[in-house]
Amino acid sequence: MDRIESGERKAFVVISRTETKIWKGEFSARAVPQTIYEQSAFPSTFTGRRFSPRQMQQRLFDKITANLDSDYSQRISRSLRGAEEVYIVGSGKRKKFILNQFMNHLAKSQYLGSSKIHSVSNVDAEGLSKRELMALARMMEENTYAA
C-alpha cells in the first residue's frame, strides 16, 4: 500500500466489511480509488487458502458478531499514512458497527498520529454511485473548513 504523497494530503475512505475504497488527493468524478479487500471475505476455493477448523470458527464468529478484522483495519490505516485530513463514511451508530470499530482502531494506530479525522455514520455506501460518494466527500470537506 502506498503512502499518501505530499500532494495528496487528504483522503476519503468508504469502509465496509468486505472492501474499502480510498480516494487520495482530489475528490472529483475522474478520481480513481484504491481498493482494499478483506481477505477472509472470499471463499477458500477462490483464494486457494485452506483454513483450520479453529480459523473457520473464528471467522464465522466475526461475521455473526460484526467484528472488523484487525489485520484489515491495519492495512487500511497503513494506506492512510501521511494524510493530514481523513474523511470516513460507513455504517454505524451502534457500538458494534464497522465504522465505530475502525474509528476505535484509528485512535490506537501509530499511522495517523496528528491527522484530523472526520466521519459520517449511517451512510449506505454500497447504495451510492461514485459521483454521489465524491459529492459527499466534497460536502464533508466544505463543512470542515466552514466550521
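First, a word on scope: everything that follows refers to the structure included in this document. Quick caveat, the model's predicted, so the values are computed rather than measured. (Residues numbered from 1 in each chain as written. Predicted model: local features only at pLDDT ≥ 70, side-chain atom pairs only at ≥ 80, totals over all residues. Heavy atoms only, no water.)

### Focus: the overall build of the protein
Rule in force here: A helix here means a DSSP run of H or I that spans at least four residues, while a strand means a run of E at least two residues long, and both kinds are numbered starting from the N terminus. The contact criterion used throughout is that any non-hydrogen atoms of two residues lie within 4.5 Å. Residue burial considers only the protein chains on display, and all accessible areas are found by Shrake-Rupley using a 1.4 Å probe.
Along the protein, the regular secondary structure elements total five helices and five strands. Element order for the protein, N to C, with α for helix and β for strand: β-β-β-α-α-α-β-α-β-α. Expressed as a percentage of contacts within the protein between residues at least 6 apart in sequence, the contacts between residues at least 24 apart total 65%. For the protein, the exposed area adds up to about 8,800 Å²; of that, 50% sits on carbon and sulfur atoms.

### Brief notes about the nonpolar core
Nonpolar side chains tend to gather and get buried jointly when the protein is soluble and globular. Inclusion rule: As used here, the term nonpolar core means buried Ala, Val, Leu, Ile, Met, Phe, Trp, Tyr and Cys residues forming a set that is joined through side-chain atoms within 4.5 Å. Relative accessibility decides the category of a residue: with a 1.4 Å probe and only protein chains considered, values under 20% of the type maximum give buried, values over 50% give exposed, and everything between is partly exposed.
Ranked by size, the top nonpolar core spans 17 residues in total, and within it Val13, Ile15, Ile76, Leu80, Ile88 and Phe102 carry the most contacts. At the level of secondary structure, the elements contributing two or more residues to this core comprise strand E1 (10-15), helix H3 (70-79), strand E4 (85-89) and helix H4 (98-108). If you tally residues by element for this core, the top one is H4, at four residues. By size, the runner-up hydrophobic cluster in this structure holds 14 residues, among which are Phe12, Tyr87, Ala125 and Leu133.

### As for the packing of H3 against H4
Put simply, the test is: Each axis is a line fitted through C-alpha atoms, taken for helices only over the stretch in contact, and angles between the N-to-C directions span 0 to 180 degrees. Oblique is the label for any angle not covered by the other classes, which are roughly parallel (under 35 degrees), roughly antiparallel (over 145) and roughly perpendicular (65 to 115). Each crossing gets its handedness from the near helix: less than a right angle anticlockwise from the far helix is left-handed, clockwise is right-handed. Here the term charged refers only to Asp, Glu, Lys and Arg, the term nonpolar to Ala, Val, Leu, Ile, Met, Phe, Trp, Tyr, Cys and Pro, and the term polar to all other amino acids, Gly among them.
Where H3 contacts H4, the two axes come as close as 10 Å, and the packing angle between them is 60°. What the angle tells us is that H3 and H4 run oblique. At the point where H3 passes H4, the crossing takes the right-handed sense. Between H3, through Ser73, Gln74, Ile76 and Ser77, and H4, the contact on the second element is made entirely by Phe102, His105 and Leu106. Per-class residue counts for the contact of H3 with H4 are three nonpolar, four polar and no charged.

### Here we look at the pattern of salt bridges
Convention followed: Salt bridge, as used here, is a side-chain nitrogen of Lys or Arg placed within 4 Å of a carboxyl oxygen of Asp or Glu.
Overall, the coordinates contain four salt bridges when judged by the stated rule. We note a salt bridge from glutamate 141 to lysine 10, for which the minimum N-O separation is 2.5 Å. Taken together, the positions of glutamate 141 in helix H5 (residues 130-146) and lysine 10 in strand E1 put the pair 131 residues apart, joining distant regions of the chain. Exposure remark for lysine 10: the relative accessible area of 22% places this residue in the partly exposed category. Measuring nitrogen to oxygen at the nearest pair gives 3.5 Å for the salt bridge that ties glutamate 26 to arginine 30. By relative accessible area, which is 36% here, glutamate 26 ends up partly exposed. Given the relative accessible area of 66%, arginine 30 is considered exposed.

### Here's the deal with the side chain of serine 73
Within the secondary structure, serine 73 sits in helix H3. Other than its neighbours up to four places away in sequence, serine 73 contacts Leu68, Phe102 and His105.

### Comments concerning the pairing of E4
The following threshold applies: Criterion used throughout: strands pair if DSSP finds at least two bridges between them.
Of all five residues making up E4, five are buried, and the element is well covered by its neighbours. Burial along E4 is two-sided: the residues Glu85, Tyr87 and Val89 and Val86 and Ile88 are all buried. Sheet analysis places E1 next to E4, joined by five bridges and oriented parallel. If you follow valine 14 over to E4, its bridge partner there is valine 89. Across five bridges, E4 lies against strand E5 (residues 116-120) in parallel orientation. Its bridge partner lying in E5, tyrosine 87 is registered against histidine 118.

### Notes on the pairing of E1
With five of its six residues buried, E1 lies for the most part within the structure. Linking E1 to strand E2 (residues 19-24), which pair antiparallel, is a turn of three residues.

Geometry only, nothing functional implied.
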